[in-house]
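Survey of secondary and tertiary structure
Spelled out from the first residue to the last, the chains are:
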Amino acid sequence: LYLAQQRCRAAGWPLALVLRLRYSAAFRNKLAASSHLMFNRLSIRYKLLVLLGASLGVGLLISSGVALYTTFVAEQQASLRTLRQVTAVTSENMRAALAFRDGHSAQKILHSLQADPHIQYAVALDERGSVLAQYQAASISADRATRWHKLLLQPSALQQHMDREFHYVIYPIELEGSPVGRLAVLSDNQAMYTKMRRYMVLQIGVTVLIFAGLLLLSWRLQLIFTQPITQLVQGMRHIGSSKDYSTTLHTDRTDEFGELYQGFNAMLREVRVRDEKLSHLATTDPLTGLANRRFALETMQTLAAQSERNQTPLGVILLDVDHFKQVNDTYGHPVGDLILQQVAHRLQASIRTYDIAARFGGEEFLVLCADTDVPTAVQVAERIRTVVAEQVFTTPQGATLRVTVSLGVQASITTPEAMMQLVEAADQALYCAKQAGRNRVVAHTEGAA
């Protein structure tokens, strides 16, 4: 574009023309960019339909062009062949007239050509090249007849020729092997063009119908390729919005799309396993396998909301391993960790299936009991205390020891905003159990008393 502008300036072209060249190129670039952007915004099914339609259109255009061209060439040959036949028949009738130089008879023979409305001019010449007779259609002007006369009498004139507006045939006439003259007949191309116009209209109509039918067929066929992709995209969007990685996309295809579905389902399984592992790590205490403090507080929020909605009490049990520091100091932290694991195992085995046990911190554990009043929570806590107290723990070195736990209990109807008051009340009861000699269960009401 820059070189073109420089050449325009060097040639002395007006500045407006140079600017027009610049802006026309910029407009073309902008139009191309807009078309590309619009095409990219189409969904894959419409892109495929556009590509199929464009391919069909180009294919039909090329085939129609080839058909029209071959038909046009064939019609030209047919027109020349027909005119040559007419000329040959007329020459047979003209032979005697030329042999005797009978101009009157020759004129009558040429006059019979008016039966064909497309024959515009004819001339009969004797062996010396002199005009013996000629014929011109009534609609032909004298100037045009003169031009055709000169054309047909040229020595270089071909025996047959097809022009844009007319075609002619020059036929030699012999008598007993000796030339007696020649006959030239010129016809217009109107019959050929009329036939070609009809054929073109028919060809265009058939092409349009075929294109429309193939386009409808392409719309149905593209579903074979795009439907699996759109279903996969819809499944991805659903999974992305719902975060439900347990979903599996089903398909009975065995081609590359089937492999794509299988790969996507395998990826979902990997994501689901990883998500479960991450969720487990985020909500589980790694030492004891119980729920961790964060998960316990989140669950307590839910249970507190349920307590407020149903007006049922929520029970909280807070327990602590007695003299746990002494166990660590005497046997070491590995034994202390082993004791915590065993206590957690006994704790989990002692509570009800719908109760939730969690490590609340250090050697302290929390049990949440939904829809549980104080007496029932005390029974659960007593069962925990008894099971732990009866357990004999063995260290890796072979030593045996027993540990006990102290438990504080509180239960009441609460709300998510006041749930920590339950924990604080249970912690106060636990403190009272420690002060009272450990290895016992104390409800908050007893502690307060």
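Residues numbered from 1 in each chain as written. Predicted model: local features only at pLDDT ≥ 70, side-chain atom pairs only at ≥ 80, totals over all residues. Heavy atoms only, no water.

1. Regarding the nonpolar core
Quick note on the threshold: Take the buried residues of types Ala, Val, Leu, Ile, Met, Phe, Trp, Tyr and Cys, join any two whose side-chain atoms come within 4.5 Å, and each joined set is a nonpolar core. Residue burial is assigned from relative accessible area. The probe radius is 1.4 Å, only protein chains are included, and a residue is buried under 20% of its type maximum, exposed over 50%, and partly exposed in between. Strands are runs of DSSP state E lasting at least 2 residues, helices are runs of H or I lasting at least 4, and numbering of each runs from the N terminus. Contacts are residue-level and defined by heavy atoms, with any inter-residue pair within 4.5 Å sufficient.
Core analysis: the largest hydrophobic core is formed by 32 residues, its most contacted members being Met94, Leu110, Leu113, Tyr121, Tyr135 and Val185. Broken down by secondary-structure element, the contributors of at least two residues to this core are α3 (44–99), α4 (103–111), β1 (119–126), β2 (131–136), α5 (142–153), β4 (166–175) and β5 (178–188). The greatest single-element share of this core, amounting to 6 residues, is contributed by β1. Residue contacts for methionine 94: discarding those within four places in its chain leaves Ala106, Ile109, Leu110, Ala124 and Ile173. Within the second largest apolar cluster, 29 residues are counted, among which are Val343, Ala344, Val403 and Val441.

2. A short note on helix α8 (residues 293–310)
Helical geometry note: an α-helix holds 3.6 residues per turn, so side chains three or four residues apart project in the same direction. Put simply, the test is: To estimate how far a helix should extend, the number of its residues minus one is multiplied by 1.5 Å. This arc is taken over the directions from the axis of the helix to the C-beta atoms.
Taking 1.5 Å of rise per residue, the 18 residues of α8 would be expected to cover 26 Å, and the 25 Å separating its terminal C-alpha atoms lies within 8% of that figure. Those residues of α8 not exposed but buried are Ala296, Thr299, Met300, Leu303, Ala304 and Ser307. One side of α8 holds all its buried residues, which, seen down the axis, span an arc of 150 degrees. Away from its buried face by more than 90 degrees, α8 exposes Thr302 and Arg309. The elements touched by buried residues of α8 are β6 (314–321), β7 (356–361), β8 (364–369), β11 (405–412) and α12 (419–435). Backbone geometry just after α8 places glutamine 311 at a positive phi near 55 degrees.

3. Re helix α10 (residues 333–350)
Its 18 residues place the ends of α10 25 Å apart at the C-alpha level, agreeing with the 26 Å of an ideal helix rising 1.5 Å per residue. All of the buried residues along α10 are Val335, Gly336, Ile339, Leu340, Val343, Ala344, Leu347 and Ser350.

4. Side note on the environment of glutamine 120
Tracing the sequence through the fold places glutamine 120 in strand β1. Sequence separation between glutamine 120 and alanine 138 is 18 residues; the distance between their C-alpha atoms is 8.4 Å. Those residues in contact with glutamine 120, other than ones at most four positions away along the chain, are Tyr135, Gln136, Ala137, Ser139, Ile140, Trp148, Leu186, Ser187 and Asp188.

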